[in-house]
Amino acid sequence: MSEDKNQLNRPNNEGPRIKTSSIVDDYVVQWNQKLGTGISGPVRPCTKRNNSKKFALKCLLDSPKARTEVNLHTMCSGHDNIVSVFDVYANDIQFPGEPHARPRLLVVLEYMQGGELFDRISKESGFTERKAAKYLRQIANAVLRCHTLNIAHRDLKPENLLIRDNTEDSLVKLTDFGFAKIDDGNLQTPHFTPYYVAPQVLEAHKYQAKQKRGIIPTSKPYTYDKSCDMWSMGVILYIMLCGYPPFYSETPTRQITSAMRKKILSGQYEFPEDDWQFISDSAKDVVKSLLHVDPSFRMNIQELLGHPWLNEAPDNKLQSPAVFMDKIGMEDIKLAHSQHLTTMRIPDNNVTLKPLTDTENPIFRKRKLRQTSIEDTKDSLEPSPQKVKADNLKVRALRDIIAYCVLPPKVDDDESVLNNLVTKAMQELEVKNGICSVLDSWKWDGRKFQKKVEKAKLAQELSLLVRSITESNSHTDEPDS
Ligand SMILES: Nc1ncnc2c1ncn2[C@@H]1O[C@H](COP(=O)(O)OP(=O)(O)OP(=O)(O)O)[C@@H](O)[C@H]1O
């Protein structure tokens, strides 16, 4: 058996053996070439000295987060539908423009010659439902591997689905474990940050409450991180079938609009007749089951793999390749999906309110990355501490309301607490349009609500408002519409 095959079949549950010898002893790295670029900088080609095989090299600044990425990726590696990790080196490296060498993790990955999945689909002349099902099955198998190991990938998006080679039946493989985490399904009240409470957290609370009341059996624990992956597969499938995403702004913009947010939250999407009339009901059933707004009713990975459409999809031709040819449209689709994933990811630290500097915002980072020509600038992409402080102050009052709504009620709680918090927010906020449209739902008369407030819903809508305010502050060049 070849060395590479051995590597693919070895058990990976101990994490990688990180070598401290120099990578150049074993590999020739083409430092000036790029296979692609992500938030952590370029991925470069490299060749193994002893067998002349080509690999892809991802360079990460060494940090606990990078070590987690490498660790979880290595654990999932060794599966046909996951890009394999072959070697990991911890070396000090100085890139052009840097004053000194910095500790880096150099991750030698299986070389994915065929590029990104959606680019491949755009070139397929006879792309059919059956082929879409074949791709989805492979993606689902990758997710099964992760979920079986209790790892949620949390960044399932088109750019992270790569094709092995240029052959007709080439495999699709999942990569980039930068947001992956062990999903222990453990969600107790203090274990999230009210600042960034995502709809999924609130939904998880609802689920737990239903479990406590015996409405949902406790034997099927709901894990919110894993259900993000299922949602992502629903979006990816929808796009594969028609060429555009289910939740999309009508006006071309790189920001999610508030109307779009509402649609996402309430699961409002359509199968426009013109484009979907020839797509099978079975395919639509898979989409619906994955894009279920309530994660407790969303299909899990085993259910997806057991769906008949995956094996019996009809051979009707799809229009998506033609739509994928529109590169600018594709970029927008990718950005919108990334942004939505950011909303769904739950902050990992608990109890204390997190400063913005600790959050990951791929859109923000990517935009910055595009603006700079210096390689490996990960550290310089953070907003200044002064700006973070100013941003935090602007939305502090909104965060107080969110925290009030999501934390368990105090014994002496009454309506005046919420009314006072809202009044304070109205006084502090510079731009009030966003909050006014949220408050309108419960008839805020300037001092109190005339209608009974659904606290979970209010928290959901305000957390989206907070995100849009802080994000639009980060990109004053592209205001939220
Ligand atoms: N194994 C590989 N073989 C070929 N190209 C690759 C490989 N891994 C990554 N790439 C290319 O590099 C790009 C960035 O890789 P990756 O997503 O792992 O980096 P990242 O810095 O974590 O990016 P992201 O912004 O997506 O989080 C990919 O979209 C792809 O085009």
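Use the structure listed above.
Notes on the structure follow.

Conventions we followed
- Residues numbered from 1 in each chain as written.
- Predicted model: local features only at pLDDT ≥ 70, side-chain atom pairs only at ≥ 80, totals over all residues.
- Heavy atoms only, no water.
- Near = heavy atom within 4 Å.
- Polar contact = N/O pair within 3.5 Å; in protein donor to acceptor, adjacent residues only side chain to side chain.
- Areas by Shrake-Rupley, 256 points an atom, 1.4 Å probe, with all protein chains shown as cover.
- Helix = DSSP H or I, 4+ residues; strand = E, 2+ residues; numbered from the N terminus.
- Nonpolar A, V, L, I, M, F, W, Y, C, P; charged D, E, K, R; others polar.
- Buried < 20%, exposed > 50% of the residue type's maximum accessible area, 1.4 Å probe, protein only.
- Contact = heavy atoms within 4.5 Å.
- Salt bridge = Lys/Arg side-chain N within 4 Å of Asp/Glu carboxyl O.

Comments concerning the site of the ligand
At step 1: Every one of the 22 residues lining the ligand counts as a neighbour, but Ser40, Lys58, Glu110, Met112 and Asp176 are closest to it.
At step 2: The separation between an oxygen atom of the ligand and a polar side-chain atom of lysine 58 is 2.8 Å.
At step 3: Asparagine 160 is positioned such that a nitrogen or oxygen atom in its side chain is 3.1 Å from an oxygen atom of the ligand.
At step 4: When the ligand sits alone it has 620 Å² of accessible area, and the protein chains cover 94% of it.
At step 5: Contributions of two or more residues to the shell around the ligand are made by β3 (36–38), β5 (54–61) and β7 (102–110).
At step 6: If one sorts the elements of the shell around the ligand by residue count, β3 sits on top with three residues.
At step 7: Its residues assigned to classes, the shell around the ligand shows nine nonpolar, five polar and eight charged.

Re unusual backbone geometry
Across residues other than glycine, the phi torsion is negative in most instances, and most of the peptide bonds are trans.
At step 1: Of note, the phi angle at arginine 154 is positive, near 65°, even though the residue is not glycine.
At step 2: Along the chain, arginine 154 turns up in the loop between β8 (151–152) and β9 (161–163).
At step 3: Of the residues examined, arginine 154 reaches a relative accessible area of 3% and is grouped as buried.
At step 4: Even without being glycine, lysine 443 reaches a positive phi, approximately 55°.
At step 5: You can see lysine 443 is positioned in the loop between α18 (433–440) and α19 (455–474).
At step 6: Take lysine 443: its relative accessible area is 51%, and that puts it in the exposed class.

Remarks on the environment of cysteine 46
At step 1: Within the secondary structure, cysteine 46 sits in strand β4 (residues 41–48).
At step 2: On a C-alpha basis, the gap between cysteine 46 and valine 28 in space is 5.5 Å, while along the polypeptide they are 18 residues apart.
At step 3: Aside from chain neighbours lying at most four places away, what touches cysteine 46 is Tyr27, Val28, Val29, Gln30, Lys53, Lys54, Phe55, Ala56, Leu57 and Val108.

Regarding the pattern of salt bridges
At step 1: All told, the structure shown has 15 salt bridges when counted by the stated rule.
At step 2: A salt bridge links aspartate 62 to arginine 67; the shortest N-O distance between them is 2.8 Å.
At step 3: On the basis of relative accessibility, which here comes to 27%, the residue aspartate 62 falls in the partly exposed class.
At step 4: Among the ionic pairs, glutamate 168 bridges to lysine 131, the shortest N-O distance being 3.4 Å. Pair noted here: glutamate 168 is in the loop between β9 and β10 (172–174) and lysine 131 is in helix α5 (residues 129–148), with a separation of 37 residues, a long-range link.
At step 5: Glutamate 168 sits in the exposed class, given a relative accessible area of 58%.

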